Amino acid sequence: MKTVLRPGHIAIRVMDLGAAITHYVKVLGMVETARDEQGRVFLKAWDEHDHHSLVLREADAPGMDYMAFKVEDETTLHDLAKAITEFGLDVEWVSAGEHPFTGERLRFTAPTGHVFELYAHKGLYGNGMPTTNPGIRADDLKGIHPSRFDHCALIGDDVEGSYRLFTEVLGFDLTEQVVDGDEKRAVFLSCSTKPHDVAFIQGPVKGKLHHMSFFVDSWAQVLDAADIIASNDVPHEVGPTRHGITRGETLYFFDPSGNRNEVFSGGYIWYPDRPTLTWTVDEMPKALFFTERKLNETFLTVVT
Ligand SMILES: [Fe+2]
């Protein structure tokens, strides 16, 4: 186990808070856990124990405010603050309690222009089942009901820089990459045994969200998710289909503000002694959509 444990939360901007809550609660099936005096809404996926993994904030334009990773403990958090500073980035501390039930957060901007946070503590909310003799599923699941917030794919103009930060400083492994000669066009990075916890894709701008992804337990549940988005007239983009990269089973659609959501299952188990997989850019269609082997126009151009 590494010192950075896993994705902890993503904070996004939505243009109509009511419509976003309906989407993330009714269609996705997430659980609302709090609202604060700033008007932010905090949610979690059903099988997450910590208080929240998604934060919604009403704003004039969609996109991602920040993505956070939970780290092992306070010592790790302060060690990483020093290492990030030595890497050459400014760090900022956000006070404990600024997010409900959450300890102090370390904030910095990666070379691709994305704001990240690290934190060590977040209060337990529970997953609807006891931790002794727990059972296997909560009994009030709604909508697609992914078990967790899984990863983000982020577009930015310095993939090499963010790759170096995440591998050299934060201890992530490079599980897969898309290369154009010597240039990294996309990197898939894991701090765990998942095929990715975050991905960076080369683009002409800084700080864009390509998609946020939620994990479901099976290919069958991805198919079920497709029925649920159709029944709710949610804008559909791609799938259900298969990724070459990660081998995951996938479905893409948009929230009411145009933030891209993914529902994802499968993928292999990553161990740090597994070799990095490399796709050449000419094989990009197959790397992205293994079944169709065709690129999708909106998938390459629409970001928030
Ligand atoms: Fe994804």
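Quantities reported herein were computed from a predicted structural model and do not represent experimental measurements. (Residues numbered from 1 in each chain as written. Predicted model: local features only at pLDDT ≥ 70, side-chain atom pairs only at ≥ 80, totals over all residues. Heavy atoms only, no water.)

Peer 1: Explain the layout of surface pockets here, please?
Peer 2: Empty space among the atoms becomes apparent when a probe as large as a water molecule is rolled across them. In this structure, the largest pocket spans a volume of roughly 510 Å³. Forming the boundary of the largest pocket are 28 residues, of which Ile155, Ile201, His210, Phe299 and Leu300 lie nearest the centre. Where the lining of the largest pocket is concerned, the elements lending two or more residues are strand S9 (148-156), strand S11 (183-190), strand S12 (198-202), strand S13 (208-215), helix H5 (284-288) and helix H6 (297-301). (1 Å grid on protein atoms, 1.4 Å probe; cavity = no way out; pocket = protein on both sides within 12 Å on 5 of 7 lines; lining within 4 Å. Points joined across faces, edges and corners; volume = space filled by probe spheres on them. Helix = DSSP H or I, 4+ residues; strand = E, 2+ residues; numbered from the N terminus.)

Peer 1: Just to check I follow, could you spell out unusual backbone geometry for this structure?
Peer 2: Leaving glycine aside, a negative phi is the common case for residues, and trans is the common case for peptide bonds. With an omega of 5°, the peptide bond between Gly239 and Pro240 qualifies as cis. Positionally, Pro240 belongs in strand S14 (residues 236-242). Unlike most non-glycine residues, Phe101 shows phi in positive territory, near 60°. Relative to the elements of secondary structure, Phe101 occurs in the loop between strand S6 (91-94) and strand S7 (105-109).

Peer 1: Would you mind going over the nonpolar core with me for this structure?
Peer 2: One recurring pattern in soluble globular proteins is that nonpolar side chains are buried together. The biggest cluster of nonpolar side chains holds 61 residues, and the ones touching the most others in it are Leu56 and Leu170. When neighbours within four sequence positions are excluded, Leu56 is seen to be in contact with Ile12, Val14, Leu17, Ala20, Ile21, Tyr24, Gly39, Arg40, Val41 and Leu43. The next biggest cluster of nonpolar side chains, apart from the first, holds 14 residues, and it includes Ala186, Val238, Met284 and Leu288. (Core = buried A, V, L, I, M, F, W, Y, C linked by side-chain atoms within 4.5 Å. Buried < 20%, exposed > 50% of the residue type's maximum accessible area, 1.4 Å probe, protein only. Contact = heavy atoms within 4.5 Å.)

Peer 1: Teacher, can you tell me more about the pattern of salt bridges here?
Peer 2: Two side chains that carry opposite charge are able to pair once their charged atoms sit near each other. This structure, assessed with the given rule, holds 19 salt bridges. Between Asp150 and Lys194 there is a salt bridge; the shortest N-O distance is 3.5 Å. You can see Asp150 sitting in strand S9 and its partner Lys194 sitting in the loop between S11 and S12, a full 44 residues away along the chain. We note a salt bridge from Lys206 to Asp157, for which the minimum N-O separation is 2.9 Å. (Salt bridge = Lys/Arg side-chain N within 4 Å of Asp/Glu carboxyl O.)

Peer 1: Just to check I follow, could you spell out the packing of aromatic side chains for this structure?
Peer 2: We describe a pair of aromatic rings using the distance from one ring centre to the other and the angle between the two ring planes. The tally for this structure, following the rule as stated, stands at 12 aromatic pairs. Each ring, one from Phe215 and one from Phe264, has its centre 6.3 Å from the other, and the planes form 55°; the classification is tilted. With a gap of 49 residues between them, Phe215 in strand S13 and Phe264 in strand S16 (residues 260-266) connect regions that are remote in the sequence. Both residues of the pair, Phe215 and Phe264, count as buried. Linked through ring pairs, Phe69, Phe108, Phe116, Phe166, Phe172 and Phe200 together constitute an aromatic cluster. Its end group placed over the ring of Tyr66, Arg107 keeps NZ or CZ at 4.7 Å from the ring centre. If you follow Arg274 out to its NZ or CZ, it ends over the ring of Tyr268, 4.0 Å from the centre. (Phe/Tyr/Trp six-rings, centres within 6.5 Å; stacked < 30°, edge-to-face > 60°. Lys NZ or Arg CZ within 6 Å of the ring centre and 35° of its normal.)

Peer 1: What am I meant to see in helix H2 (residues 74-87) here?
Peer 2: Structural remark: α-helix, 3.6 residues per turn; residues separated by three or four positions point the same way. Under the 1.5 Å per step criterion, the end-to-end length of H2 is 20 Å for 14 residues, consistent within 8% with the ideal 20 Å. In this structure, the buried side of H2 is in contact with strand S1 (4-14), strand S5 (63-71), S6, S7, strand S8 (115-119) and helix H3 (159-169). Backbone geometry just after H2 places Gly88 at a positive phi near 115°. (Expected span 1.5 Å × (residues − 1).)

Peer 1: So what exactly am I meant to see when it comes to the environment of Pro235 here?
Peer 2: Residue placement: Pro235 occurs in the loop between helix H4 (219-231) and S14. Judged by relative accessible area, which is 45%, Pro235 ranks as partly exposed.

Peer 1: Teacher, can you tell me more about the domain arrangement of the protein chain here?
Peer 2: By convention, interface size is frequently given as the accessible area that disappears when the constituent parts associate. Domain parsing of the protein chain yields domain 1 (4-119) and domain 2 (148-301). Counting from both sides, the interface comprises 41 residues of domain 1 and, opposite them, 42 residues of domain 2. Of all residues in domain 1, Phe87, Pro111 and Thr112 bury the most surface against domain 2, accounting for 19% of the area lost on that side. For the interface between domain 1 and domain 2, the tally reads 0 salt bridges. Applying the counting rule to domain 1 against domain 2 returns 13 residue pairs in polar contact (both at pLDDT 80 or more). For the side of domain 1 that touches domain 2, the secondary structure elements donating two or more residues are S1, helix H1 (17-27), S5, H2 and S8. Counting residues per element, the side of domain 1 that touches domain 2 draws most heavily on S1, at 9 residues. Residues of the side of domain 1 that touches domain 2, tallied by class, amount to 29 nonpolar, 7 polar and 5 charged. (Domains from an automatic or database assignment. Buried area = accessible area lost by both parts, 1.4 Å probe. Polar contact = N/O pair within 3.5 Å; in protein donor to acceptor, adjacent residues only side chain to side chain. Nonpolar A, V, L, I, M, F, W, Y, C, P; charged D, E, K, R; others polar.)

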